[in-house]
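Survey of secondary and tertiary structure
If you want the building blocks of each chain, they are given just below.
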Amino acid sequence: MTVPITAVTISSTPEEENPVKVIKGSSKLFTCRTNAGRPAARIQWYLSNENITNSATNQNNECVTDCSDAKMISSSQLTYIGNTDDSGKIIYCTAVNIEGYKVWSMNKTIGVLYSPSKPAITQNPKGPVNENTTIILTCEIKGGNPLANIAWQCNESTPVNSTRTSANSSISLVKLIARKWLNGIACNCTGSHPAWTQQNSTSIVLNIRYPPDKLPSINQTPMGSINEGTHVYLTCEVQGGKPLAIIEWQCKGSSPNISTVIQSVDKTISSVELTVTKYQNGEMCTCYGFHPTWNQNKSTSIPLDVNYPPESFPLITQTPSGSVVEDNKVMLTCEIIGGNPLATILWQCDGFTPVPSTGILPTNKVVFSIEKIVTKEDNDSSTIQIANTQPIILVENKTIVLVCAGVDGNPRNSSFVWYKSNTIIGTMANYSIREAKATDAGNYTCKGSNGFGRTSEAIIEVFVLCEYIKGFIVILLLRAHHHVTMDKVP
């Protein structure tokens, strides 16, 4: 007697689930099993109404107990290989042991799992970015079934709209404010997926630009003022910043002998060497710093203080010029042009007092004036000297020249007058006695004047002898206020 089967079950190994998840290319074992019936049932396999029984193993029939009642339990196994084209299809089995009595198992939905792309991160705006900029990081994992899960590891970041999915991608956004201490920090996006044996991750390193800690500064070696012809080293430094600053030099009126640039871990150093001349005195050497975070370039300057000698030696002028009348004021001015620093003037002149400077002082020379009211003591005495040093004995009818000259004095005597017996006989320095007569004998006086009230005089006595007494010589003492010399003219 026949006994129809009434139930067919379908199961999957190792997990019993519906839908059944199968990784693409991996296998899944399905088992179809009937309850007891007589005769044994014939089992068929279907994938969305397509008969795939040929892919199943040979059917197995087994007795329920000792096979005395001839009831048999039938079973069949199917090894399914995951194919993405099958995702969403159903798999089931049927069993028939009596014609007209077909029994269906439940449907199992196939979910074929396949790997998505690896995570990819994009940054907006693209790096590098300036400090305090808002950065949006987007991590996307395309494709896969199911869509991947995304997790972030990023300091000081906050999620934006959490994680969302599109038709074929998982997308996660985070935002953060660019801070200098975040520069060089890596933000990691990690994806997990059942088709992956391990998580996949990617990272992006934050490239944040921030300004230097300090503005450009200049050091000079040797320091301070420098002598003409000296080698001077100027060093400009810009501390900190990302990226490090760029330095350029401009020294007006000169080109550096040597220029070097060093970028260490945290600063930029640039040095130039100059051989200074006097023409560079007061000129500015400027160090310019360039950095992408500065709206305008930063700079600092240092003036060159070059020592060089004056253009000329001291020059003295007198005001009023020329001779000075007694009891009038005279001013002496010493001037030294050029030089850096300007020269220092020291007077050595008794009785003079400094004249205070007035008005705007010149910048290219030093001027120092002194003054006093002059007296006769400030001048040497004006003296007269007659060239003939002894009394003259002149033979009748002979000629002699009396010479009168100024000696010392300030100024020297500029006018002369000859007298005899209080009568003016000449107004030149020299006075001639020609063809001497007896009446030419007597005292001759020369008076000299310097035009400023200073006068002096000298006297010489002349004897005239008849030619019959040539051997007679008389010598008289000179009566003069000053030393007198006399030369005899034959």
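The written sequence of each chain sets the order in which its residues are numbered from 1. Given that the model is predicted, a residue must reach a pLDDT of at least 70 before its local features are reported, and side-chain atom pairs must reach 80 or more before they are shown or counted; all residues, however, enter totals for whole chains, interfaces and linings. Hydrogens and waters are ignored; side-chain quantities use all the structure's heavy atoms.

1. Here's the deal with the pairing of strand β13 (residues 134-142)
Two strands pair under a simple rule: DSSP has to find at least two bridges between them. Helix and strand definitions follow DSSP, with helices as H or I runs of at least four residues and strands as E runs of at least two, each counted in order from the N terminus. Relative to β13, strand β11 (residues 120-124) is paired through five bridges, and the arrangement is antiparallel. Among the inter-strand pairings, Ala-120 is bridged to a residue of β13, identified as Glu-140. Sheet topology note: the β13/strand β16 (residues 169-177) ladder contains nine bridges and is antiparallel. Residue pairing across strands places Ile-135 opposite Leu-176, the latter belonging to β16.

2. Section: the sheet that holds strand β18 (residues 200-205)
Ordered by their spatial adjacency, three strands build an open sheet running β14-β17-β18, and the pairing between neighbours is antiparallel. Every interior strand has two partners, whereas the edge strands, β14 (149-153) and β18, have only one. Each neighbouring strand pair of the sheet contributes to a mean axis angle of 20°, computed without reference to strand direction. Inter-axis angles, ranging from 0 to 180 degrees, are taken between N-to-C directions of lines fitted to C-alpha atoms, where helices are fitted over the stretch in contact.

3. Quick word on the environment of Glu-15
For Glu-15, the position within the fold is in the loop between β1 (8-13) and β2 (20-23). In this scheme, a residue with accessible area under 20% of its type's maximum is buried, one over 50% is exposed, and one in between is partly exposed, where area comes from a 1.4 Å probe on protein chains only. Taking the relative accessible area as the measure of exposure, Glu-15 reaches 42% and is therefore partly exposed. For Glu-15 and Lys-28, which are 13 residues apart along the polypeptide, the C-alpha to C-alpha distance reads 9.4 Å.

4. Focus on the pairing of strand β32 (residues 365-373)
Taken together, the nine bridges between strand β30 (residues 329-337) and β32 define a ladder with antiparallel strand orientation. Bridge pairing in β32 places Val-330 opposite Lys-372.

5. Re the sheet that holds strand β27 (residues 298-303)
Judged by pairing direction, the sheet is antiparallel, and its three strands sit side by side in the order β23-β26-β27 without closing on themselves. In this open sheet, the two strands that pair with only one neighbour each are β23 (246-251) and β27. Neighbour to neighbour, the strand axes of the sheet diverge by 20° on average, direction disregarded. In terms of strand pairing, strand β26 (residues 284-290) meets β27 through six bridges, oriented antiparallel. Following the sheet pairing, Gly-289 is matched in β27 by Lys-298.

6. Some words on the nonpolar core
Looking at soluble globular proteins, one finds that nonpolar side chains tend to be buried together. Ranked by size, the top nonpolar core spans 21 residues in total, and within it Phe-30 and Trp-45 carry the most contacts. Elements with a contribution of two residues or more to this core: β1, β2, β3 (27-34), β4 (42-47), β7 (72-81), β8 (90-98) and β10 (108-113). Only buried residues count toward a nonpolar core, which is a set of Ala, Val, Leu, Ile, Met, Phe, Trp, Tyr and Cys residues joined through side-chain atoms within 4.5 Å. Core analysis: the second largest hydrophobic core is formed by 20 residues, Ile-135, Ala-148, Leu-182 and Ile-208 among them.

7. Here's the deal with unusual backbone geometry
Residues Asn-124 and Pro-125 are joined by a peptide bond in cis, for which omega reads -5°. Structurally, the position occupied by Pro-125 is in the loop between β11 and β12 (129-130). For the peptide bond that leads from Thr-221 to Pro-222, omega is -5°, which places it in the cis range. In this structure, Pro-222 sits in the loop between β20 (217-221) and β21 (226-227). At Asn-422, a position not held by glycine, the phi torsion is positive, near 65°. By the element assignment, Asn-422 lies in the loop between β36 (415-420) and β37 (423-426).

8. Regarding the environment of Leu-29
Within the secondary structure, Leu-29 is located in strand β3. For Leu-29 and Glu-15, which are 14 residues apart along the polypeptide, the C-alpha to C-alpha distance reads 9.7 Å. Note on definitions: a residue-residue contact is assigned when non-hydrogen atoms from the two residues lie within 4.5 Å. In this structure Leu-29 touches Ser-11, Ser-12, Thr-13, Gln-77, Leu-78 and Thr-79, once residues within four positions along its chain are discounted.

9. Looking at the packing of aromatic side chains
When two rings of Phe, Tyr or Trp (its six-membered ring) have centres within 6.5 Å they constitute a pair, described as stacked for plane angles under 30 degrees, edge-to-face for angles over 60, and tilted for the intermediate range. A complete count under the given rule lists three aromatic pairs for this structure. Centroid distance Tyr-431 to Tyr-444: 6.0 Å. Interplanar angle 35°. Geometry classified as tilted. One end of the pair, Tyr-431, is in strand β38 (residues 430-433); the other, Tyr-444, is in strand β39 (residues 442-449), and 13 residues separate them in sequence. An aromatic cluster is present here, built from Trp-418, Tyr-431 and Tyr-444 joined pairwise through their rings. By the criterion adopted, a ring carries a charge over it if an Arg CZ or a Lys NZ lies within 6 Å of its centre and within 35 degrees of its normal. Sitting over the face of the ring of Tyr-419, Lys-447 holds its NZ or CZ atom 5.0 Å from the ring centroid.

10. Here we look at the side chain of Glu-273
The topology assignment puts Glu-273 in strand β25 (residues 267-275). As used throughout, the charge tally considers Lys and Arg to be positive and Asp and Glu to be negative, leaving His and the chain termini uncounted. The salt bridge definition used is simple: a Lys or Arg side-chain nitrogen within 4 Å of an Asp or Glu carboxyl oxygen. No salt bridge is formed by the buried Glu-273, whose closest oppositely charged neighbour, Lys-267, lies at an N-O distance of 20 Å. Looking at Glu-273, its side chain comes within polar contact range of the side chain of His-231, at 3.1 Å. For this analysis, a polar contact is any N or O atom pair within 3.5 Å, provided that within protein one partner can donate a hydrogen and the other can accept it, and provided that sequence-adjacent residues contribute only side-chain to side-chain pairs.

11. Describing the pattern of salt bridges
Under the counting rule described, the total for this entry stands at nine salt bridges. Between Glu-371 and Lys-329 there is a salt bridge, with the nearest N and O atoms lying 3.8 Å from each other. Here the residue Glu-371 occupies a position in strand β32, and Lys-329 occupies one in strand β30, the gap between them amounting to 42 residues. Of the charged contacts in the structure, one is a salt bridge between Glu-335 and Lys-365, with a shortest N-O distance of 3.2 Å. Residue Glu-335 is found in strand β30, and its partner Lys-365 is found in strand β32; the two are separated by 30 residues along the sequence.

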